[in-house]
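Summary of the model geometry
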Amino acid sequence: MKITAATLWTNDVKPMQDFYTGTLDFPLVEETATAFTVQIGTSQLQFELDTTQQPKQYHFAFNVPGDAFRLAKDWLRHRVPLLNEDGEDEIFLRTLMPIPSIFMIRTKMSSN
C-alpha cells in the first residue's frame, strides 16, 4: 500500500507548521487558519486544528530506501537532535513479514 496523503490532528497548528516547514524544511503546499499541508517525498501530510484540545501523540514513519538510510539520517541529524537509548540512535527491527528489515531513527520534536 502506498499512502499519498494523510491528515493528523493537532492542538496548536503554528508550532507544528514551524517544525515541519522551518526545522525540517518540508515544502508548504497549503495553509489556512486552522490547517496546513506539507509535501514529504511523494506524499502530503496535513495537520488540522482539533478544537477539543485533547492531547495528541502520533508515531509515524517515512519510507527511506535502504541505500539512502545514512543520507537520511545525516539530513535529520542536522535539523534535530537524535534520541539515544543505550548509546544507540538507531533501532533494528526484524519482522515476520516479507519486507526488508527496518531501521529507525528516533527524534523528538522541539516545542521551541
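Residues numbered from 1 in each chain as written. Predicted model: local features only at pLDDT ≥ 70, side-chain atom pairs only at ≥ 80, totals over all residues. Heavy atoms only, no water.

Looking at the sheet that holds strand β2 (residues 28-31)
The sheet built from 4 strands is open, its strands ordered β1-β4-β3-β2 with mixed pairing. This sheet does not close on itself; its edge strands, each paired only once, are β1 (5-10) and β2. Within the sheet, the average angular offset between the axes of one strand and its neighbour, ignoring direction, is 20 degrees. Set on the sheet, helix α1 (residues 13-23) makes contact with β1, β2, β3 (35-40) and β4 (43-49); between it and β3 the angle comes to about 15 degrees. (Pairing = 2+ DSSP bridges. Helix = DSSP H or I, 4+ residues; strand = E, 2+ residues; numbered from the N terminus. Axes fitted to C-alpha atoms, helices over the stretch in contact; angles between N-to-C directions. Contact = heavy atoms within 4.5 Å.)

Looking at a nonpolar patch on the surface
A grouping of W9, Y58, F60, F62 and V64 is seen on the molecular surface, where their side chains present a nonpolar patch of about 440 Å² in accessible area. Tracing the sequence through the fold places V64 in the loop between β4 and α2 (69-77). (Patch = residues over 30% accessible without salt bridge, like charges linked within 9 Å, V, L, I, M, F, W, Y side chains within 5 Å. Areas by Shrake-Rupley, 256 points an atom, 1.4 Å probe, with all protein chains shown as cover. Salt bridge = Lys/Arg side-chain N within 4 Å of Asp/Glu carboxyl O.)

Topic: the packing of aromatic side chains
Applying the stated criterion across every chain yields a total of 5 aromatic pairs. Seen in terms of ring centroids, Y20 and F26 are 6.5 Å apart; in terms of plane orientation they differ by 25 degrees. Their pairing is stacked. Ring centres of F36 and F47 lie 5.4 Å apart, and the angle between their planes is 20 degrees; on these two criteria the pair is classed as stacked. Linking F36 in strand β3 with F47 in strand β4, this pair joins segments that are 11 residues apart in sequence. (Phe/Tyr/Trp six-rings, centres within 6.5 Å; stacked < 30°, edge-to-face > 60°.)

Describing the confidence of the model for the chain
Here the chain shows a mean pLDDT of 81. Residues at 70 or above account for 81%. Taking the mean pLDDT of every element in the chain, the minimum, 48, falls on strand β6 (residues 102-105) and the maximum, 98, on β2. Counting contacts from residues 98-103, a segment whose pLDDT is below 50, to residues more than four positions away or on other chains yields 11 contacts. (pLDDT = per-residue confidence, 0-100.)

Quick word on the nonpolar core
Proteins that are soluble and globular tend to have nonpolar side chains buried together. Judged by nonpolar contacts, the single largest core of 15 residues is most densely connected at Y20, L24, F26, F36, V38, L45 and F47. Among the elements of the structure, α1, β3 and β4 are those that each provide at least two residues to this core. When residues of this core are assigned to their parent elements, the largest contribution, 4 residues, is made by α1. Dropping the residues within four chain positions of it, L45 is found in contact with A6, L8, Y20, F36, T37, V38, I40 and F60. (Core = buried A, V, L, I, M, F, W, Y, C linked by side-chain atoms within 4.5 Å. Buried < 20%, exposed > 50% of the residue type's maximum accessible area, 1.4 Å probe, protein only.)

Comments concerning α1
Turning to α1, its buried residues are V13, M16, Q17, F19 and Y20. Looking down the long axis of α1, one finds its buried residues gathered within 160 degrees of arc, a one-sided arrangement. Exposed side of α1, more than 90 degrees from the buried face: K14 and G22 are the residues found there. (Arc of directions from axis to C-beta.)

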